[in-house]
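Each chain, letter by letter, is given below.
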Amino acid sequence: MRFREIGILVFLVILAGATTVREPRFLSAKNLTDILLDIPLLMVVAMGMTMIILSRNIDLSVGSTLGLSAIIVGFIFKSNPNFPVWAGAIIGILVGLLLGALNGILVTWLRVPAIIATLGTLNVFRGLVFVVSGGQEVGANDIPPSLIELSRTSPIQLPWIVIFAVLVTIATHLFLRYTRTGREIYAIGSSPKAARLRGIQVEKVVFLAFTLTGGFAGLAGIMYASRYGFINPLTTGAGLELSVIAATIIGGTNILGGSGSVPGTVLGCLLLGVINNALVITNLSAFWQLAIYGVVILIAVAVDSLIRRQLERAAVDQTR
Amino acid sequence: MTAQPLLSACGISKAFGGTPVLQNVSLDLWPGEVHVLMGENGAGKSTFNKILSGVHTPDSGEILLNGQAVSIASPAAAQAHGIALLHQEPIIFPDLDVAENIFVGRQPQKGPWRSINWHSMYEQAGELLNSLGVQIDPHERMGGLSVAAHQMVEMARAMSQNARVLIMDEPTASLSPDEVADLFRIVRDLRAQGVALVFISHRLEEVFEIGDRITVLRDGEFVNTVTPAETTKEEIIRMMVGRPLSSLFEREAGSIGEPLLKVEGLTRTGHFRNISFEVKAGEIVGMAGLVGAGRTEVSEAIFGVTQLDAGKVFLDGKPVNIRSPRQAVQLGLAYVPEDRQQHGLLLSMTIAENITLPVLKQFAQMGWLRARQEREVAQQYTAKLHLRAARDVSQAAGELSGGNQQKVVLAKWLLSQPRVLILDEPTRGIDIGAKAEVHRIMGELASQGMAILMISSELPEILAMSDRVLVMREGRLTGEFNRAEATQEKIMAAATGQQMVEVAA
Amino acid sequence: MEPSVARPVGSPISRALEHKLNREFVAVGLLLLAFFVGSRLSTQFLDASYLLDTTSVYIETGIIATAMTFIIISGNIDLSVASTLALVACVTGVLHAEHGLAMGPAIICGLLLGALLGFFNGLLITWLRLPSLTVTLGTFALYRGLAQVLLGDHSVSNFPDWFVGIDSIHIARTLFHNPPIPAPLIIFLVLALIAGAVLHRTVLGRWTYAIGTNSTASRYSGIAVDRVTLLLFTFSGFLAGLSGLIMTSRLGIAKYDMGLGLELDAITAVVLGGTDIFGGRGTMFGTVITFFLIVVLRTGMGLHNIKPEQQMLVLGLLLIFSIVVPNLLQRNKR
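**Q** Pulling in residues and values, what's your account of the overall build of chain A?
**A** The number of helices and strands found in chain A is 13 helices and 0 strands. Listing the helices and strands of chain A from first to last along the sequence gives α-α-α-α-α-α-α-α-α-α-α-α-α. Compactness check: chain A gives a C-alpha radius of gyration of 20 Å against a globular reference of 20 Å for 320 residues, within 12% of the reference. By the burial criterion, 60% of the 320 residues in chain A qualify as buried.

Structure below.
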């Protein structure tokens, strides 16, 4: 819905303006870089969540998937300091893909409702994090410096992890917009019944969405290690599902599937990132963050519902 | 016309569970003709269509395509043969735009990555819609369009798949006259292009306007194929309803009292307008009309399911403002909805739980349920209605047959002891025996002084049961007949907007 | 919400049959099994008073799960319960400690606040016709966020002595030579008994099932669906608030991050106990049994030094299998 995207943009500009008036440092290069560095993780996972919610499903396990991928790779580095970073990254993504595929199998062929299946795997994956790590953190000394460098250096002005996030975002956008499978995700979410009648292989497509989302969460795990320089079994990725679902819904994706877009989700992520940053930089206390998230989610869905009702009424009036 | 028909169905028979639905039906379909299929509900039209479009396979008989015998085993096979079925309710993706609804799964692609060529897709969609002469923007979101537009888009989709045979199941049922005119223009264009169209409609005027040939089915049997030139509307009606009425049901008129339910100027924008009528105590008023005429919408508004934009409802002469079904029940109204499974019953709950639902508080003391009393009363009511199939009242309603399910719905509302009972298609999809019993119960209730409004699309039912008949067409009341003057022809005429028949009869 | 894939495609009739497998009995079986295995592995496990005392640690989950059983049977979900718990605890703490309100009135304010927060959820769901999943996801963030705004990362701890330590109050050996039963467990059992009676024996309970089975047909049958929904969410908020007060009493402090993730535990308990996530089916018995199953499992694993996070793994697996196994059994039957 174009309306939504313009609405967020306007809100973003106002927010940025107000913050700058209060604290001019907001627009400094350093602060903007800080914002840019905080968003990629959220954005990469939100790309997956957008696909899943578009298909009328949900994935609560993304935070645990991120944690498990990160901790596995972290322990590989810890026990094997010379392990190449690129290979570690690939392992992280593969672990993510595997975990996502597991969710996909549960939801499609084993017919477990997505919310239950991923609530279960949220716990299972987090439990596995502790099995793998024995409760031990992977500290800054164990993470290869070249991995940490990815958050600091870059070929252009943007650090590597930002570039990765942008690439994932563009790829997801192209997939959802320019492939038949991508469009089928929308069709399934819009009307599962019509999708079956039109011969769309609902199971395969939904499985793919879950698998890709797992892969994205795996990639985000590597990015986490790079950005923060540690992997904690308890906190790494915990509660991420809320931020990601919030960004997706705020970005205009309907929780009941069928409509939404990658640009919308990007704006949703930007909004959350800017809110976080504005709270910190204006010393307004970061404690407002969660409450503001809540208010923004409620306003976004309420406005959506009201607009939708208007549209439906207009459609009925047209009929006769 | 070419030398051989595009499609021939020869001696098609089909039975479901031993009940014959189609018996030895044959039909030829020539390229460039609009072949109208007529018949009452249950005459076998839908089954015939489903056989042509690969949803069902016939028990016997064969289908020839260009003179070759073919087997149409699946919808995909039908599509490969160039046969497309347009459902009465179009299959749509409301969130996708028009172009994608046409091309989903077959979007034009380009380049080595086979990416979707949106530009070309919109162009092709635009051309398709243009060639159909339709003013729909391919960028429009499907959910925001009217049912008529959905149908046009479905036709465009069928055309994009090079359909040679297009089957349209009551496409005009929920269209306005202007929209019907548009649709017919498209149908004529397609005919001119050599497409063969099977067209189902109940509206006689339309049938004579658009049809090249008319085939009438009755009770699953072929009656005749005629051309509009060699027949009349009266003749067609006679062919359709030819069955003797006496075999169905008779009801003796009881004593009729004061008006219980009275409505004045009911209007709900986009659905119905200025509806006024009354139903008296002890009276059964039948409401006839075509599917989509707005009858269900009127009864739902009276029962508080939806809100009225204008108009008044009186009960016992007192104005009432019903804003929810709960209020309606409290005021002594009951409504047996058309969609039994979705609106009438809680399928996975027990018979007893279904029956006591509207008046559950009567079975409770300070909110606590008295289970034994509930059970006993439920048993009493199921026995009263001869609900046989049930093991006992703790059986799930969903395990019952259609007729018994309807009896559960009836029992539910009898228990609430309403003074006004509204029934929407009370015997749809239930067997003859149960049907007769539902009618018997209705008669009894009326003679006990209940005011009954019965919506039905089956004319014999309307005629046999009603003391008075109301007819709706396109959201308006178009006819009212008392028992003595009501005939099938008159009702059909009022329902289809055909005046001549009324004069002739 | 209706997922694209997961809802069983079969007719409602086959769904009815599917539930004849009676998941509550599976929960009972698992509970007995857990007892047996636990007792073989550790002697301490059979110390009844130890086991009874450990229930206090999970009691908030149990209390919230009783309300969640209603919510899920009615076809809804409430993700905001743990946040409500935290907000009520923090507000009550602040009212008492910073605004000098006596503890008694502060408790009443806390309980009212819980009900109000639940009412607000219900209002958004019925007025705006929004899915409960979305609304309570929003208030999930909002309520805990407000708690955080209120207290930051401070905690309130100066509660009166009589209020602190509800879990150390025991109903001593009175009738038989029963082991001392901790007060929170008594509260939970009484609540569960009342809630079970309401669910299975009253008009309101029947309406809850009806709405969860088919809310449209319920409306057509004259049930005030919106009012019932509103009531259930208010009830859920109330019990979440009560849990907040119990937790505050147990821990002696109020903090914004109390009960983090508890909503997932409660939902797990309800679904594992046999309640259909799509509504219309389930029993209070199943929820209560599952609560004890979780306590026994967690205690047993705890005695073997299995960390709480690894215990989650087992519970997660149980949750998944409790749905997958009947699905597979049903498929093989066809």
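Let's pick the thread back up.
**Q** A description of unusual backbone geometry should follow, citing residues and the corresponding values.
**A** Even without glycine at this site, Arg-56 of chain A takes up a positive phi of about 65°. By secondary structure assignment, the location of Arg-56 of chain A is in the loop between α2 (29-54) and α3 (62-79). Owing to a relative accessible area of 13%, Arg-56 of chain A belongs among the buried residues under this scheme. Phi is positive for Met-366 of chain B, which is not a glycine, with a value near 50°. Relative to the elements of secondary structure, Met-366 of chain B occurs in the loop between β19 (364-365) and β20 (368-369).

**Q** With reference to specific residues and values, describe the sheet that holds strand β22 (residues 451-455) of chain B.
**A** Residue and element names in this part refer to chain B. The mixed open sheet is built from 6 strands, whose spatial order is β18-β21-β22-β15-β23-β24. The open sheet has two edge strands, β18 (333-336) and β24 (476-482), and neither has a second partner. Averaged over neighbouring strand pairs, the angle between their axes works out to 15° when direction is ignored. Inspection of the sheet shows β18 paired to strand β21 (residues 420-424) by 4 bridges, in the parallel sense. Paired with Leu-333 across the strands is Val-420, a residue of β21.

**Q** Report on the interface of chain C and chain B, specifying residues and quantitative values.
**A** Each side of the interface is counted separately: chain C has 24 residues, and chain B has 34 residues. Interface of chain C and chain B: buried area, both sides summed, is about 2500 Å²; carbon and sulfur atoms make up 62% of it. The tally of links between chain C and chain B comes to 2 salt bridges. The partner of Glu-353 of chain B in a salt bridge is Arg-206 of chain C, with the nearest N and O atoms 3.7 Å apart. Counting across the chain C and chain B interface gives 8 residue pairs in polar contact (both at pLDDT 80 or more). When contributions to the side of chain C that touches chain B are tallied by element, the ones reaching two or more residues are α1 (12-18), α7 (183-201), α8 (203-213) and α9 (215-220) of chain C. Considering each element in turn, the side of chain C that touches chain B owes the most residues, 6 residues, to α8 of chain C.

**Q** I'd like to hear about the sheet that holds strand β17 (residues 318-320) of chain B, residue by residue, with values.
**A** All names here are of chain B. Read across the sheet, 4 strands follow the order β14-β13-β16-β17 without closing on themselves; strand pairing throughout is antiparallel. Edge strands, defined here as strands with exactly one partner in the open sheet, are β14 (272-280) and β17. Here the average twist between neighbouring strands, direction ignored, is 20°. Both strand β13 (residues 259-268) and strand β16 (residues 310-315) contribute to a ladder of 5 bridges, which runs antiparallel. Paired with Leu-261 across the two strands is Leu-315, which belongs to β16.

**Q** Please give an account of helix α6 (residues 132-151) of chain C that cites residues and values.
**A** Residue and element names in this part refer to chain C. Between its first and last C-alpha atoms α6 spans 28 Å; for 20 residues at 1.5 Å apiece the expected length is 28 Å, and the two agree. Within α6, 17 of the 20 residues are buried, which leaves it mostly tucked inside the rest of the structure. Positive backbone phi, at 55°, marks Gly-152, one or two positions downstream of α6.

Basis of the calculations
- Residues numbered from 1 in each chain as written.
- Chains lettered and ligands numbered in written order.
- Predicted model: local features only at pLDDT ≥ 70, side-chain atom pairs only at ≥ 80, totals over all residues.
- Heavy atoms only, no water.
- Helix = DSSP H or I, 4+ residues; strand = E, 2+ residues; numbered from the N terminus.
- Rg over C-alpha atoms; globule rule 2.2 N^0.38 Å.
- Buried < 20%, exposed > 50% of the residue type's maximum accessible area, 1.4 Å probe, protein only.
- Pairing = 2+ DSSP bridges.
- Axes fitted to C-alpha atoms, helices over the stretch in contact; angles between N-to-C directions.
- Contact = heavy atoms within 4.5 Å.
- Buried area = accessible area lost by both parts, 1.4 Å probe.
- Salt bridge = Lys/Arg side-chain N within 4 Å of Asp/Glu carboxyl O.
- Polar contact = N/O pair within 3.5 Å; in protein donor to acceptor, adjacent residues only side chain to side chain.
- Expected span 1.5 Å × (residues − 1).

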